[in-house]
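Fold and geometry: a report
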Amino acid sequence: MTTSAPEKEMQSGVGVLDKASLLLGVLEAGPASLSRLVSDTGLKRPTVHRLVLALERLRLLARDPQGRFILGPRLGLMAVEACRDQLATSAEPVLGDLRDVTGASARLYRRRGNMRICVAEAAAPGNPTAQDRVPVGAALPMNAGPVSQVLLAWERPEDLYEGLRGAQFTAATLSGVRRQGWAQSIGSREHGIAAVAAPVRGPGGRVVAALSISGPVARMSHTPGRVYGSAVIDAAVRLSNGFHR
């Protein structure tokens with residue numbers, strides 16, 4: 001296997017850690033099968049198989065409904081603890097109020113590289129469907145959904161277009177998000193789930209997080225942005241104002 005310059009710089013000199021780091025690096029871009037992990041890392045199949053099973057036992061890896069490997073919940077929880085800040089703490093009452101107003105699950109996401117991490121949640125009353133469960137600490141790829149669109153839409157042009165590589169939305173979609181102030185999806189992350197997201201801004205107006213609601217399409221409608229966009233924007237502005245204090 002040929003090692004690139006950036007990969008060499010990130011090597012620890014401890015073989016098993018460097019191999020595990022290669023696997024995690026591939027999964028930063030999203031779910032991957034065992035075969036893809038083998039081809040993308042250049043490691044031998046038995047080595048990859050042994051490492052992914054060990055990482056899965058440690059909850060550093062998990063599997064999606066198709067059986068592909070994904071970053072595990074423990075990584076997300078570590079990121080939440082490492083990045084716990086005033087914004088995540090002050091989000092709790094805002095998320096609770098937004099949930100009560102809309103009847104939908106409300107969540108706050110921060111971006112970490114090519115992943116979006118749920119850092120706070122107010123779950124909808126009752127039992128949310130399995131498709132709409134995103135626990136605090138969950139790390140999801142940035143290639144789909146309204147949260148990803150909001151977190152990318154106001155980035156610098158070079159970062160925006162880099163983020164569009166492999167994305168399930170286009171530059172025109174992000175232009176619409178900037179114009180209307182919210183993003184929506186109907187079934188983009190999970191079938192039967194609708195979602196709406198709006199930006200939370202920090203000092204200088206920079207987008208530092210995304211506030212979202214989600215729930216069954218049957219209840220949220222096929223035009224969730226029109227129905228709930230204003231409520232989500234108002235909550236995001238409220239959270240942004242608290243962040244500036």
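Anything mentioned here points back to the structure above.
Now for a description of the structure that goes with this document. (Residues numbered from 1 in each chain as written. Predicted model: local features only at pLDDT ≥ 70, side-chain atom pairs only at ≥ 80, totals over all residues. Heavy atoms only, no water.)

1. Side note on the overall build of the protein chain
Test applied: In this text, helices come from DSSP runs of H or I with a minimum length of four residues, and strands from runs of E with a minimum of two, each type numbered from the N-terminal end. Pairs of residues are marked as contacts when any of their non-hydrogen atoms sit within 4.5 Å. Only the protein chains shown count as cover for residues, with accessible areas throughout obtained via the Shrake-Rupley method and a probe of 1.4 Å.
Looking only at helices and strands, the protein chain has 11 helices and 8 strands in total. Within the protein chain, counting contacts between residues at least 6 apart in sequence, those at least 24 apart form 56% of the total. Total accessible area on the protein chain stands at roughly 12,500 Å², and carbon and sulfur atoms take up 53% of it.

2. Some details on the packing of aromatic side chains
Counted only if it meets this: The rule is short: rings of Phe, Tyr and Trp, with Trp giving its six-membered ring, pair when the centres are within 6.5 Å, and they are stacked under 30 degrees, edge-to-face over 60, tilted in between. Lysine NZ or arginine CZ positioned within 6 Å of the ring centre and within 35 degrees of the ring normal marks a charge as sitting over the ring.
Enumeration over the complete set of coordinates arrives at 0 aromatic pairs. A cation sits over an aromatic face here: R201 above W154, 4.8 Å from the ring centre.

3. As for the pattern of salt bridges
What counts here: The term salt bridge refers to a pairing of a side-chain nitrogen on Lys or Arg with a carboxyl oxygen on Asp or Glu at a separation within 4 Å.
A complete count under the given rule lists 10 salt bridges for this structure. The partner of R99 in a salt bridge is D100, with the nearest N and O atoms 3.2 Å apart.

4. Side note on the environment of S105
The condition is simple: Polar contacts, as used here, are pairs of N or O atoms within 3.5 Å; protein pairs need one atom able to donate a hydrogen and one able to accept it. Residues neighboring in sequence count only if both atoms are side-chain atoms.
For S105, the location among the structural elements is in strand 3 (residues 105-112). Counting along the chain gives 16 residues from S105 to E121, while the straight-line C-alpha distance between them is 7.4 Å. At 2.9 Å, the side chain of S105 and the backbone nitrogen of A124 are in polar contact.

5. Quick word on the sheet that holds strand 4 (residues 115-122)
The criterion, for reference: Between any two strands, pairing holds if DSSP finds at least two bridges. Angular values range over 0 to 180 degrees, each being the angle between N-to-C directions of two axes fitted as lines to C-alpha atoms, with helices fitted over their stretch in contact.
On the basis of which strands lie adjacent, the open sheet formed by 6 strands has the order 5-4-3-8-7-6 and antiparallel pairing. Each edge of the open sheet carries a strand with a single partner, namely strand 5 (139-141) and strand 6 (183-186). Recorded for the sheet is a direction-independent mean angle of 30 degrees between the axes of neighbouring strands. When strand 4 meets strand 5, the two strands line up antiparallel, connected through 3 bridges. Pairing of M115 across the sheet is with P141, part of strand 5. Its contacts with the sheet put helix 7 (residues 145-153) on strand 3, strand 4, strand 5, strand 6, strand 7 (193-201) and strand 8 (207-216), and the angle it makes with strand 7 is roughly 25 degrees.

6. Re the side chain of T41
For clarity, the cut-off: For the exposure calls, accessible area comes from a 1.4 Å probe over protein chains only, and a residue counts as buried if that area is under 20% of its type's maximum, exposed if over 50%, partly exposed in between.
One can find T41 in helix 3 (residues 34-41). A residue is classified by how much of its surface remains accessible, and T41, at 4% relative accessible area, is buried. Polar side-chain contacts of T41 include one of 2.6 Å to the backbone oxygen of L37. From its side chain, T41 meets the backbone nitrogen of L43 in a polar contact 3.2 Å long.

7. Brief notes about a nonpolar patch on the surface
How we decide: Surface patches are defined over residues having more than 30% relative accessible area and no salt bridge, joining like charges when they lie within 9 Å and nonpolar side chains (Val, Leu, Ile, Met, Phe, Trp, Tyr) when within 5 Å.
On the surface, a nonpolar cluster with roughly 250 Å² of combined accessible area is contributed by V14, V16 and L17. Looking at the secondary structure, you find L17 in helix 2 (residues 15-27). For L17, a relative accessible area of 52% corresponds to the exposed category.

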